[in-house]
Amino acid sequence: MAPPSVPSAEYLLRSATEGFDCLFANDIDEAQKAFASEEGSPFHLLGLGVIAFLQAALGMETGLMEEATRCLAASEANAKKHARAAKSLPSNHRFDAGMEWEVMHADAVVLLGLTHALSESYRGYLQCLYELNSAHSKFNKLFKTVYPNGLQSYATPATTPLPSRRGSSGSLSSSATQSNAPSKSSTPKSGFFSRWIPFAPVTTVAAPGTMTNPPNGPVEELVLSGTAFGYGLFNLVLSLLPAKIRNVVGFFGFNHDRLLALQALAVSAAGKDVHSVFAGLVLMTYHGVVLLLSGYQADEAHMIKQYKAIVVDTRYPDGSLWILNKAKIQRMTNDTEGAIKTLRDGLKPERKKSFQQADTLLTFELAWTFLSHRRYEETAKQFLDITTLNTWSHATYYFIAAGCYFSLKKFDKAQGLLDKIPRQLEKRKLTGRDMPTETFIKKKLAFYKRKQARLGGDERRYVEAIKISPAEEIAIFWNTHARVEHSVAIEHIQEWSSLTPAITDIESKYLVRPTSTNDRVDLDTVDELAIRSLLLGIVHRTLADYVPARAFLLDAQRKAPDVEISSWVGGVSSFELAVLDLKEADMKAVDMERDEAMKMWEGVLQGASETLDQAYALSTKQTDLSSRLDSRIVMLRDEISDKRELLGLTA
């Protein structure tokens with residue numbers, strides 16, 4: 001079909017949708033061709049920006065951020081131009097003229113902000129914040145216009161957050177609870193004041209997009225799904241920013257409502273527009289991150305049920321992002337072998353189409369899954385393979401792979417990889433920006449070298465000074481040990497407790513006595529002893545053996561002030577203690593009467609919140625990977641808030 005001489009919004013939208021379908025089905029080449037077919041179209045420019053954004057975000061390719069920024073800025077400018085031009089024309093749908101371009105403009109702005117946030121640095125977060133600042137009023141205006149009476153009458157996927165979990169008292173949904181909203185076509189034309197007079201005649205026709213009045217055509221679908229997506233994403237991003245950045249958010253006057261954000265995304269995900277696919281991806285990502293990093297979930301079974309429902313998308317069964325999330329669910333539910341099979345199938349070379357950056361994520365997930373199973377040879381291979389797939393941080397990949405070879409006692413291979421890291425760090429220095437993991441690694445290498453020199457060994461063989469695997473240590477920041485199988489947790493305990501000095505002040509049936517006849521103590525620094533206690537506390541908690549778990553975490557916390565370089569131990573051990581309190585309370589509540597359980601929960605939730613305050617206070621800008629801990633604290637605070645709501649306790 002030949003394009004019209006002046007393409008309509010609907011024509012351009014349908015054309016761009018073909019490109020997005022190719023993108024979600026892993027056919028990047030066809031997607032780029034489709035998006036390049038309409039020069040100057042905000043839809044198509046946004047599509048090109050989305051490809052670059054996904055390549056940068058999924059493949060951790062910071063070099064692609066510039067291309068994403070260029071395309072998204074062009075889309076933003078063109079959408080603004082189309083919106084201005086549409087104001088003077090009659091609307092061809094039931095919303096105000098040009099609203100579809102307003103949605104596109106808002107999309108471009110929020111994606112520009114997220115592009116800055118990819119750095120995981122405070123500077124990047126602040127740049128993200130400044131971009132979002134310009135979109136704040138736009139999102140609120142769009143949401144109030146398209147959803148004047150809240151979201152209660154709109155369909156969502158069957159098991160996503162629904163009206164039972166309302167927004168906070170200050171949210172838009174709580175100030176407007178009517179289910180029927182007058183649309184443009186049903187509002188009486190009796191003057192400005194008629195909308196404010198209580199007895200003014202109002203029709204009872206449901207608002208466009210509700211379950212009884214579905215959208216009329218793709219442009220209305222875009223307005224409805226796009227507005228819900230943008231508003232939900234905006235609020236969710238704000239709710240997940242590290243606390244230090246959220247303080248700046250407060251300065252700008254932003255308010256966010258996480259539950260309303262999730263509900264808005266669920267409404268969007270139920271649609272048929274491209275935004276519905278993105279909303280589903282955002283919800284999948286959110287549930288996956290919370291299940292992995294928050295440490296505790298107020299209602300884990302409900303969250304997994306939601307997650308599974310969104311992952312089942314028959315439109316893109318071979319899409320890498322859906323395969324990835326299926327595997328994540330399997331890993332989160334202790335089906336390690338199932339996760340490995342899913343990921344391996346998704347990476348088979350005979351696939352018809354592939355999306356390299358998404359494949360990188362599959363490889364990354366497979367590597368962590370192998371590590372969680374102590375399959376060190378396969379873990380090392382996967383992380384080394386990633387160095388051929390992206391340029392994010394080869395130093396980090398080499399460090400983890402070296403840790404795996406250390407665990408396999410292949411010390412020459414481990415040292416060879418460690419020797420490659422300084423050159424990778426020098427390359428990074430040329431860009432003028434140290435990545436958080438690389439700052440951590442740089443300190444660890446210097447620590448190992450100092451220890452080797454102190455022991456009188458060959459400084460070129462500093463792998464000999466390592467006693468706790470670097471892979472297992474850095475895995476703490478990915479919370480890898482929280483969901484390992486029990487047999488794996490026991491192997492970890494036996495390995496770490498076999499190191500000298502022997503553990504004599506904490507009892508556990510899983511501990512073993514060191515058998516070394518060497519006069520030299522394995523762990524001769526406070527750093528190493530604190531990290532061992534932290535790891536033993538985490539894996540004992542995984543086994544639901546809470547008494548020794550608490551003893552080890554408290555020991556790590558006590559040692560933290562005296563560490564040399566491991567400044568992160570204090571904050572992380574406090575965080576893990578808060579998780580322990582909550583998990584132990586879940587177990588105890590099963591055997592309690594309701595009143596007794598409620599009284600216990602009141603104290604536990606208050607205590608966990610105070611422990612998180614301690615963790616936050618210990619997480620300074622000088623603390624390694626502090627932004628990651630800050631984000632985990634934010635997630636766990638949200639889960640504590642959800643638990644209070646589920647129990648009917650006041651905040």
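For the structure, see preceding data.
These figures come from a predicted structure and were not determined experimentally.

Enquirer: Which parts of the structure should I look at to understand the overall build of the protein?
Expert: Per the secondary structure count, the protein includes 26 helices and zero strands. Counting all 651 residues of the protein, 59% fall into the buried class. Counted over contacts in the protein with a minimum sequence separation of 6, partners at least 24 positions apart contribute 70%. Accessible surface, the protein as shown: approximately 27,700 Å² in total, 54% of it carbon and sulfur.

Enquirer: Would you explain the pattern of salt bridges in this entry?
Expert: Close approach of charged atoms allows side chains with opposite charge to pair. Within this structure, the stated rule accounts for 38 salt bridges. Note that Glu564 and Arg450 form a salt bridge whose closest N and O atoms lie 2.7 Å from each other. Of this pair, Glu564 sits in the loop between α23 (546-559) and α24 (569-589) while Arg450 sits in helix α19 (residues 436-454), placing them 114 residues apart in sequence. A residue is classified by how much of its surface remains accessible, and Glu564, at 49% relative accessible area, is partly exposed. Among the residues examined, Arg450 registers a relative accessible area of 38% and is labelled partly exposed.

Enquirer: Is there a simple way to explain the packing of helix α12 (residues 300-311) against helix α13 (residues 320-332) in this structure?
Expert: Two measures define how a pair of helices packs: the angle their axes make with one another and the distance between the axes. At a minimum axis distance of 10 Å, the contact between α12 and α13 shows a crossing angle of 155 degrees. When the axes of α12 and α13 are compared, the pair comes out roughly antiparallel. Here the hand of the crossing between α12 and α13 comes out left-handed. When α12 is examined against α13, the residues Tyr307, Lys308, Ile310 and Val311 are found in contact with a partner set consisting of Trp322, Asn325, Lys326, Lys328 and Ile329. Tallied by class, residues from the contact of α12 with α13 come to five nonpolar, one polar and three charged.

Enquirer: Sorry, what's going on with α13 here?
Expert: Each full turn of the α-helix corresponds to 3.6 residues, which orients residues three or four apart in the same direction. Between its first and last C-alpha, α13 extends 18 Å over 13 residues, near the 18 Å set by a 1.5 Å rise per residue. A large share of α13 lies buried, amounting to eleven of its 13 residues. Residues of α13 that are buried include every one of Ser320, Leu321, Trp322, Ile323, Leu324, Asn325, Ala327, Ile329, Gln330, Arg331 and Met332, and no others. Downstream of α13 by one or two residues, Asn334 has phi in the positive range, about 65 degrees.

Enquirer: Even after reading the chapter, I still don't get the packing of aromatic side chains, so can you show me in this structure?
Expert: How two aromatic rings sit relative to each other is given by the distance of their centres and the angle of their planes. One pass over the full model with this rule turns up 24 aromatic pairs. Considering the side-chain rings of Phe364 and Phe383, the 6.0 Å spacing of their centres and the 90 degrees angle between planes classify their relative orientation as edge-to-face. Remark: Phe383 occurs in helix α16 (residues 376-386) and Phe364 occurs in helix α15 (residues 356-372); sequence separation between them is 19 residues. Exposure remark for Phe364: the relative accessible area of 12% places this residue in the buried category. On the basis of relative accessible area, Phe383 is assigned to the buried category, the value being 0%. One aromatic cluster is present, built from ring pairs that chain together Phe20, Phe24, Phe35, Phe229, Phe278, Tyr316 and Trp322. Against the face of Phe447 rests Lys444, its NZ or CZ located 4.9 Å from the ring centre. The ring of Trp478 carries Arg628 above its face, with NZ or CZ at 4.4 Å from the centroid.

So, how was this worked out
Residues numbered from 1 in each chain as written. Predicted model: local features only at pLDDT ≥ 70, side-chain atom pairs only at ≥ 80, totals over all residues. Heavy atoms only, no water. Helix = DSSP H or I, 4+ residues; strand = E, 2+ residues; numbered from the N terminus. Buried < 20%, exposed > 50% of the residue type's maximum accessible area, 1.4 Å probe, protein only. Contact = heavy atoms within 4.5 Å. Areas by Shrake-Rupley, 256 points an atom, 1.4 Å probe, with all protein chains shown as cover. Salt bridge = Lys/Arg side-chain N within 4 Å of Asp/Glu carboxyl O. Axes fitted to C-alpha atoms, helices over the stretch in contact; angles between N-to-C directions. Parallel < 35°, antiparallel > 145°, perpendicular 65-115°, else oblique. Left-handed = near helix turned anticlockwise from the far one by under 90°. Nonpolar A, V, L, I, M, F, W, Y, C, P; charged D, E, K, R; others polar. Expected span 1.5 Å × (residues − 1). Phe/Tyr/Trp six-rings, centres within 6.5 Å; stacked < 30°, edge-to-face > 60°. Lys NZ or Arg CZ within 6 Å of the ring centre and 35° of its normal.

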